[in-house]
Amino acid sequence: MLKTFGAFVLFLRGMVVRTERFSVLWNRTIDEAILIGVDSIVIVSIVSAFIGAVTCVQIAYNLTNPLIPQSTIGYMVREMTILELAPTITSIVLAGKVGSSIAGGLGTMRITEQVSALEVMGINSTSYLVLPRILAALLMFPLLVILAMLLSILGGYLAGTLTGVMTAQDYIEGIRTDFIPYNIVFALIKAVVFAFLVSGISAFKGYYTTGGALEVGAASTGAVTNSIIAILIADFALAALLL
Amino acid sequence: MIEVSNIEKSFDGNPVLKGISCVFETGKCNLLLGGSGTGKSVLLQCIVGLMKPDIGSITFDGTVYTNSKIDIRQEIRRKIGMLFQGSALFDSMTVAQNVEFPLQMLTPEMSPEERRERVEFCLKRVGLENAGNKMPAEISGGMKKRVGIARAIAPQCTYLFCDEPNSGLDPATSIKIDNLIHEITHEYNITTVIVTHDMNSVIEIGEHIIFLHQGKKLWDGTKDEILNATVPELRDFIFSSSLVRAAKRVDEETEGGMAAFAEESESGGGI
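The rules behind these values
Residues numbered from 1 in each chain as written. Chains lettered and ligands numbered in written order. Predicted model: local features only at pLDDT ≥ 70, side-chain atom pairs only at ≥ 80, totals over all residues. Pairing = 2+ DSSP bridges. Helix = DSSP H or I, 4+ residues; strand = E, 2+ residues; numbered from the N terminus. Contact = placed C-beta atoms within 7 Å. Axes fitted to C-alpha atoms, helices over the stretch in contact; angles between N-to-C directions. UniProt positions renumbered as here; feature names shortened; annotations may be inferred. Buried ≥ 20, exposed ≤ 12 C-beta atoms within 10 Å, placed from the backbone. Nonpolar A, V, L, I, M, F, W, Y, C, P; charged D, E, K, R; others polar. pLDDT = per-residue confidence, 0-100. Parallel < 35°, antiparallel > 145°, perpendicular 65-115°, else oblique. Left-handed = near helix turned anticlockwise from the far one by under 90°.

With an unreviewed UniProt entry as reference, chain B is termed ATP-binding cassette domain-containing protein, source organism Hymenobacter negativus.

As named in an unreviewed UniProt entry, chain A is ABC transporter permease, taken from Hymenobacter negativus.

**A closer look at the sheet that holds strand β2 (residues 14-24) of chain B**
All names here are of chain B. Strand order in the open sheet formed by four strands is β2-β1-β4-β5, and the pairing between neighbours is antiparallel. What marks the edges here is a single partner per strand, and that holds for β2 and β5 (63-64). Direction of pairing for strand β4 (residues 55-60) relative to β5: antiparallel, over a ladder of two bridges. When the bridges of β5 are listed, F60 appears paired with T63. The strands that helix α1 (residues 40-48) touches are β1 (2-11), β2 and β4; relative to β1, the one it contacts most, it runs at about 120°.

**Digging into the UniProt feature "transmembrane region" (unreviewed entry) in chain A**
All names here are of chain A. In this numbering, the UniProt entry assigns the feature "transmembrane region" (unreviewed entry) to residues 34-61, 134-159, 179-204 and 216-242. With 100% helix and 0% strand, residues 134-159 has end C-alpha atoms that lie 36 Å from one another. Helix and strand shares over residues 216-242 are 100% and 0% respectively, and the end C-alpha atoms of the span are 37 Å apart.

**Considering the environment of S23(A)**
Residue and element names in this part refer to chain A. Here S23 lies in helix α2 (residues 22-36). The class of S23 is exposed, set by 10 C-beta atoms lying within 10 Å. Expressed as a C-alpha distance, the spacing of S23 and S199, which sit 176 residues apart in the sequence, is 22 Å.

**A closer look at the interface of chain B and chain A**
With 16 residues of chain B at the interface, the matching set in chain A holds 13 residues. When residues of the side of chain B that touches chain A are traced back to their parent elements, those giving at least two are α2 (70-77), β6 (80-83) and α3 (95-106) of chain B. Taken together, the residues of the side of chain B that touches chain A sort by class into twelve nonpolar, two polar and two charged.

**A few points about the confidence of the model for chain B**
For chain B, the mean per-residue pLDDT works out to 87, and 93% of the residues sit at or above 70. For this predicted complex, the interface confidence reaches an ipTM of 0.84, while the overall pTM sits at 0.86.

**Concerning the packing of helix α8 (residues 181-207) of chain A against helix α9 (residues 213-242) of chain A**
All names here are of chain A. Packing of α8 against α9 brings their axes to within 9 Å, and their N-to-C directions diverge by 150°. Judged by the angle between their axes, α8 and α9 are roughly antiparallel. In terms of crossing hand, the pair formed by α8 and α9 is right-handed. On α9, the residues that touch F186, I189, K190, V193, F194, L197, V198, I201, S202, K205 and G206 of α8 are A219, G222, A223, N226, S227, A230, I231, A234, D235, L238 and L242. Taken together, the residues that form the contact of α8 with α9 break down as 14 nonpolar, five polar and three charged.

**Quick look at the sheet that holds strand β9 (residues 208-213) of chain B**
Residues and elements named next belong to chain B. Read from one edge to the other, the open sheet built from six strands follows the order β6-β7-β8-β3-β9-β10, with strand pairing classed as mixed. Each edge of the open sheet is held by one strand with a lone partner, namely β6 and β10 (216-221). When the angles between neighbouring strand axes are averaged without regard to direction, this sheet yields 20°. Where β6 meets strand β7 (residues 159-163), four bridges bridge the pair, whose relative direction is parallel. Pairing of M82 across the sheet is with F161, part of β7.

**Observations regarding unusual backbone geometry**
Residues and elements named next belong to chain B. Notably, D61 is not glycine yet its phi reads approximately 45°, a positive angle. In this structure, D61 sits in the loop between β4 and β5. C-beta crowding within 10 Å serves as the criterion here: with 13 such atoms nearby, D61 is assigned to the partly exposed category. A positive phi is found at S87, a non-glycine position, where the angle reads about 75°.

This is the structure:
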């Protein structure tokens, strides 16, 4: 465990020593941002909209006390979405989609000697292949989390009003009650940390793949499971430290 | 010229290379010959810097490569072109983009127009001028090897390394690839090192052959000398093929027929 962590630190260090030219890094980061960010918009939108909708309906189902105002449903949807559901669930979804893609892609490049080809050319393969992926993740995860927040709250609104469990006025009043801007900052900090964990762990697992196609599959699976565990541990640590 | 001096390499205490010293001459096709598991590819990876030898030194034209500063290693690496066993083309790029890639990365001073001209030249040189827009998945194994050669020579390399260039190819395509490597070596006067266990390659382009057995260098010489070598391990290796046994028999019966056979193959006749 300690040995793996040490190898991970050295891996990250190798990435920032002897980096490639800025123009190369920039172009690669933009390419990766499209793959990580733009190509994930649909899945993040679907998941977050439905999570918001389900959260709204289930809170409404549990809040049967006539003394509690209906606007509380909107308030709770907002708080749950911003503090937990949008950053954590989005990152877990992205760990599955982006993490497996990073590990699989790098693993395939490793076993087909494409990584060796870069090294023989005198190119720092971790800087060329891994750094842009991590930078792109750090850039795109917060944007996707912001999108998830908006769509989740919108999903709650649509579910609440279309099913008739509450009025639009109550929901809007709820989501505007006692708003704490720091919660958004907290969610974005979580998104950045989760982005680093997902992209870093997945790249590490993929980059050091040895063997054949079976091992590439195992590396992808390992990347996803390790990323999710790391997200959950970091989620608790950040909540304990920053809230 | 590449000088390898007393290279040793072990994996988990198992020695794979046991004090190998040899010289790879400029302007020649230098063959690293040996059976599977004799350490040919490990030696090649030590030479190009993909592995670090435990002991020994490697010198490229007088510049020590092993244990030298990263800048010196980078400088030498940028003069190296390598053809991998599986070609190692970048899947996400077209054939032309694969050939252009080292130019983009290593020669930023080149204009896009100059790069395009160089790519066209290299693809034409390997006979693939019409395949530039194809993806690696759309071309045959032989074409992939040729793209690999074009990519290796694009930045005007001084040293060309080929790891089993004939693996997975039919005999006719193998001969074409061998001849292409031979022509390029002489055309650009580069130092070429080829890892192989293919006797056809030995007879086709073996200008300087180094035979490895169980991690040791047992013999070196030319293709004309190899059939008369007295090293038992080398003889076992060479004459394990019935084709070569038959050729040797003809050689003995016709007193020198094998030399004519090699000459014929050198002039393009093949086996």
